[in-house]
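# Remarks on the overall topology
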Amino acid sequence: MKLLPILILVGGLLIVLVAGGAFYTVHETETVILTQFGRPVGEPVTEPGLHFKTPFVQEVNRLEKRILEWDGDPTEMPTKDKTYISVDTFARWRISNPGRYFEKVGLERRALSRLEDIIGSEVRTAIAGHELIEVVRSDKDRVLPPNQVAEGTTASVQQTATRGRRALQKDILNAAAPKLTELGIELLDVRVKRVNYNQKVVGNIYQRMISERQQIAQRFRSEGEGEAAKINGRRGRDLKEVESEAYKRVQELRGEADAEASRIYAEAYNQSPEAQDFYGFMKTLDTYRTILGNQTSMILSTDSELFQLLERSKR
Amino acid sequence: MAKPTLAFRNPPDWSKLKVLRWIVPAILVLIMALTMYYTVPYDSQGVVLRFGKFSSIENPGLHFKLPFGIDTVETLPVKRQLKMEFGFGTEGATNLRQHSSSRRTRDQEKSMVTGDLNAALVEWVVQYSIDDPQMFLFTVRAPETTLRDLSEAVMREVIGDRTVDEVITTGRQEIEDKAVVRLRELTAEYKLGLKIDQLQLKNVNPPTAVQDSFNEVNKAQQDREKMINIANGEYNKVIPRAEGEAAQAISEAEGYKLKRINEAAGDVAAFKAQLVEYLKAPEVTRKRLYLEAMADVIPTLQNTWIVDEGVTQLLPMVQGAGIGGGK
């Protein structure tokens, strides 16, 4: 038996098998559904690796085994308190039932479109049923610090939420997920990526913010003026106090000085009749010295004690 | 019988065709050689799949694998710290997913609603690395895109629970701490195979249209301080000086008191000494003092007339004396 013909036969057979697609690989991230003449055959293949199938007749259809994402477009919608906001959500989903998915949906494009419809409508419903504060707040138990700088103005009042964003997201998930299981899709979660004021509303929001800030600025300025006026008043009062206290003390001291001096003088000059006499005499002489000067002309008589020696001797 | 000849002039040389026999095997060997090895860069790890099924994880270096695409390798930069920017983008990033390419998207990323229903612009950075290559490749189809979406969702959650003042000024550290914890929670829950290293806030501002009014508040605060400082300055200029002047006046008065008392004491001491002498010889001392005084005074007088009772005619001739009548 010649070896060469056998090798050629085996080689040829292999080539035919491979070319006809008897082997196929399943990637870690894939689920494969085999179809025969367009109809699914057997169970979906989830085990990765090399597999066999009937060549030429069976076809390989690959589906994603991993968790997939859906990112909705930002959509404008009103809240319960009629504020128009733009909401951008995203979700995670997976093909939980490949057979059903393949049958009902087939292409991912179609799946995304169904997700858009179902999730989009549930989001609208949820937003329309809640006030804006419920959409904004996530941890409803966190107490916002009061706007201290704005105390006394309208900016200091804070709204509180009773449910919060997490509860809303759960609502949307619970409402949308059942509608998707019949398509073989498991919806894992829906989250809000972005929330913004819509273009028309944003102008009003900015106006409110501006006027809040202006009130705060005004408050600072008037506080400053008030404090300054208080300090200036205190300055005037303290100045008067210092000056008048000083005046009082000075007058006291001067009074004490004069009184003490008088007391000393009086004590000395009054100590005896002789002293009084002598004091009177000395004081008079001092007074002569002071009041009689080169502005004075005096007429003196020889009767006086001083000039008695000049008296014409008595004939 | 002669060999049958073909129609050509120069028949092809079939012996040369023997070489062709080896071309196909040679090509096959070449392909095999090229697909039989691979290198894993120093900062990465390689995930090897055989026929699509997970086989092993390889460290940096040169490795062999089964050729012809039987083994496939995906290299992931597990040791490199990766970065994602939100609301802005630095030029020259090598990772395409690091920041959004369109300006409009970046503007949308940073615009947020705060817990007091105001608005703010927040820019931030997330630093992360791939820490579970298998989970990263096989669990979620687009883990990095998912991380971007999650980061935005988490940041908005945290900002949505805070006032605009906290966001812009006082609460930055708290926001970073809260956000990174929440992001780690969700990254683990979503099985992204990523480790969040750090989250940092960058520029945080009020919306452009209201920035002026926010600046106005800062200015007003400064104005308030300035007004108070000026008033205090005035006070400190006036009061200490007045106190100084008051102290000076009081000192002067005390000096005056001292002077008067000392002068009085001095005068009195002199008087007492003189009194003692006087009392020893009163008449004589009296006369002496009197004559001494006159001797001091009379020479200084402008005019002096000494009259005697016998001299009466002189009187009318005295110039300007103004004495009428006789003695």
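Provided above is the structure to which this section pertains.
The structure contained in this document is the topic of the report that follows. (Residues numbered from 1 in each chain as written. Chains lettered and ligands numbered in written order. Predicted model: local features only at pLDDT ≥ 70, side-chain atom pairs only at ≥ 80, totals over all residues. Heavy atoms only, no water.)

## Structural notes on the side chain of B:Asp149
Its place among the elements puts B:Asp149 in helix 4 (residues 143-159). Overall, the relative accessible area of 7% leaves B:Asp149 in the buried class. Ignoring sequence-local partners within four residues, the contact set of B:Asp149 consists of A:Asp71, A:Phe90 and A:Lys193. (Helix = DSSP H or I, 4+ residues; strand = E, 2+ residues; numbered from the N terminus. Buried < 20%, exposed > 50% of the residue type's maximum accessible area, 1.4 Å probe, protein only. Contact = heavy atoms within 4.5 Å.)

## As for the sheet that holds strand 3 (residues 53-58) of chain B
Residues and elements named next belong to chain B. Spatially, the 3 strands line up as an open sheet ordered 3-2-5, and their pairing is antiparallel. Unpaired on one side and paired on the other, strand 3 and strand 5 (71-76) mark the two borders of the sheet. Averaged over all adjacent pairs, the angle separating strand axes in this sheet is 25 degrees, with direction ignored. Pairing geometry for strand 2 (residues 45-50) and strand 3, over 5 bridges, is antiparallel. Bridge pairing in strand 3 links Gly46 to Glu58. (Pairing = 2+ DSSP bridges. Axes fitted to C-alpha atoms, helices over the stretch in contact; angles between N-to-C directions.)

## Some details on helix 6 (residues 199-269) of chain A
Over its 71 residues, helix 6 of chain A extends 105 Å from the first C-alpha to the last, a length consistent with the 105 Å expected when each residue adds 1.5 Å. With a side-chain oxygen lying 2.8 Å from the backbone nitrogen of A:Lys200, the N-terminal cap of helix 6 of chain A falls on A:Asn198. (Expected span 1.5 Å × (residues − 1). Polar contact = N/O pair within 3.5 Å; in protein donor to acceptor, adjacent residues only side chain to side chain.)

## Observations regarding the packing of helix 7 (residues 273-291) of chain A against helix 8 (residues 282-297) of chain B
Closest axis-to-axis distance for the helix 7 of chain A/helix 8 of chain B pair is 9 Å, and the angle between their directions is 10 degrees. Here helix 8 of chain B runs roughly parallel to helix 7 of chain A, going by the angle between their axes. By crossing handedness, the relation of helix 7 of chain A to helix 8 of chain B is classed as right-handed. In this structure, helix 7 of chain A contributes A:Asp277, A:Phe278, A:Phe281, A:Met282, A:Leu285, A:Tyr288 and A:Arg289 to the contact, and helix 8 of chain B contributes B:Arg286, B:Leu289, B:Tyr290, B:Glu292, B:Ala293, B:Met294, B:Asp296 and B:Val297. Taken together, the residues that form the contact of helix 7 of chain A with helix 8 of chain B break down as 10 nonpolar, no polar and 5 charged. (Parallel < 35°, antiparallel > 145°, perpendicular 65-115°, else oblique. Left-handed = near helix turned anticlockwise from the far one by under 90°. Nonpolar A, V, L, I, M, F, W, Y, C, P; charged D, E, K, R; others polar.)

## Concerning the environment of A:Tyr24
Residues and elements named next belong to chain A. By secondary structure assignment, the location of Tyr24 is in strand 1 (residues 23-26). For the pair formed by Tyr24 and His51, sequence separation is 27 residues and the distance between their alpha carbons is 5.4 Å. Ignoring sequence-local partners within four residues, the contact set of Tyr24 consists of Val32, Leu34, Val45, Gly49, Leu50, His51, Phe52, Lys53 and Val60.

## A short note on the interface of chain B and chain A
With 108 residues of chain B in contact, the opposing surface of chain A contributes 106 residues. Carbon and sulfur atoms make up 63% of the area that chain B and chain A hide from each other, which totals about 10,100 Å². At the boundary of chain B with chain A, the tally comes to 16 salt bridges. A salt bridge links B:Asp165 to A:Arg213; its shortest N-O distance comes to 3.1 Å. Taken together, the connections running from chain B to chain A amount to 33 residue pairs in polar contact (both at pLDDT 80 or more). When the residues that make up the side of chain B that touches chain A are grouped by side-chain class, the tally is 55 nonpolar, 18 polar and 35 charged. Bridge count for strand 10 (residues 297-301) of chain A against strand 10 (residues 303-307) of chain B is 5 bridges, and the pairing is parallel. Among the inter-strand pairings, A:Ile299 is bridged to a residue of strand 10 of chain B, identified as B:Trp305. (Buried area = accessible area lost by both parts, 1.4 Å probe. Salt bridge = Lys/Arg side-chain N within 4 Å of Asp/Glu carboxyl O.)

Remember, this is a structural readout, not a statement about activity or role.
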